[in-house]
Amino acid sequence: MLKPAILAAIAAVFLAGCQEQIDRQADRQADRIGNAVSDDVNDAAANVSGSLDNLGDAIRGQADRVGAHAVDEAAHQTSRAANDLADQIRRHGDRAVDDMGAALQGAGASLRDRDRDRAREPVDDRRSDNDRYDDGDRREDRR
């Protein structure tokens, strides 16, 4: 009977040693798993950060292109409006010059007709008030 008790004691000591080794292995394995999970989380965070940076760059690039296009379109429309306005101003100016020329020609024709009609009228000794006034101005100029 002594033998089974000794064997049981040796087995208990052996099992206790195994338990310590299992606990150390379990702690090491837990550390390895924890480190691996931590590394994976860090890698994932770095990937997310990089993806967000890339997405931000893409959005900024698109915004820059859209903004540049909008500015180009606004400049084009402004230029076209300025050209249209300049054309309208030229047309109005040309029309005003033509109208003024026609008015001056009409006035010149009217003056010629009046002068021609005066030349045909018989000379009247009666003078109008305007004629006397003109003679008075001429007398003052002679002095």
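Preceding block: the structure.
Residues numbered from 1 in each chain as written. Predicted model: local features only at pLDDT ≥ 70, side-chain atom pairs only at ≥ 80, totals over all residues. Heavy atoms only, no water.

K.L.:
Help me understand the pattern of salt bridges in this model?
P.N.:
Side-chain pairs of opposite charge can arise whenever the charged atoms involved come near each other. Counting across every chain of the model gives three salt bridges. Here Arg90 and Asp87 are joined by a salt bridge, their closest N and O atoms 2.5 Å apart. Within this pair, Arg90 and its partner Asp87 are both found in helix H1 (residues 2-120), separated by three residues, close to a single helical turn. You can call Asp87 partly exposed: its relative accessible area is 31%. A salt bridge links Asp113 to Arg116, with the shortest nitrogen-to-oxygen separation between them at 2.3 Å. Of the two residues, Asp113 and Arg116 both sit in helix H1, three residues apart, roughly one turn of that helix. Residue class for Asp113 comes out partly exposed when judged on its relative accessible area of 35%. The exposure class assigned to Arg116 is partly exposed, which follows from its relative accessible area of 40%. (Salt bridge = Lys/Arg side-chain N within 4 Å of Asp/Glu carboxyl O. Helix = DSSP H or I, 4+ residues; strand = E, 2+ residues; numbered from the N terminus. Buried < 20%, exposed > 50% of the residue type's maximum accessible area, 1.4 Å probe, protein only.)

K.L.:
Quick question: what am I supposed to make of a negative patch on the surface here?
P.N.:
Together, Glu20, Asp23, Asp27 and Asp31 make up a region of like negative charge exposed at the surface. You can see Asp27 is positioned in helix H1. (Patch = residues over 30% accessible without salt bridge, like charges linked within 9 Å, V, L, I, M, F, W, Y side chains within 5 Å. Areas by Shrake-Rupley, 256 points an atom, 1.4 Å probe, with all protein chains shown as cover. Lys, Arg positive; Asp, Glu negative; His and termini not counted. Charge placed at Lys NZ, Arg CZ, Asp CG, Glu CD.)

So yeah, pure geometry; function would need other evidence.
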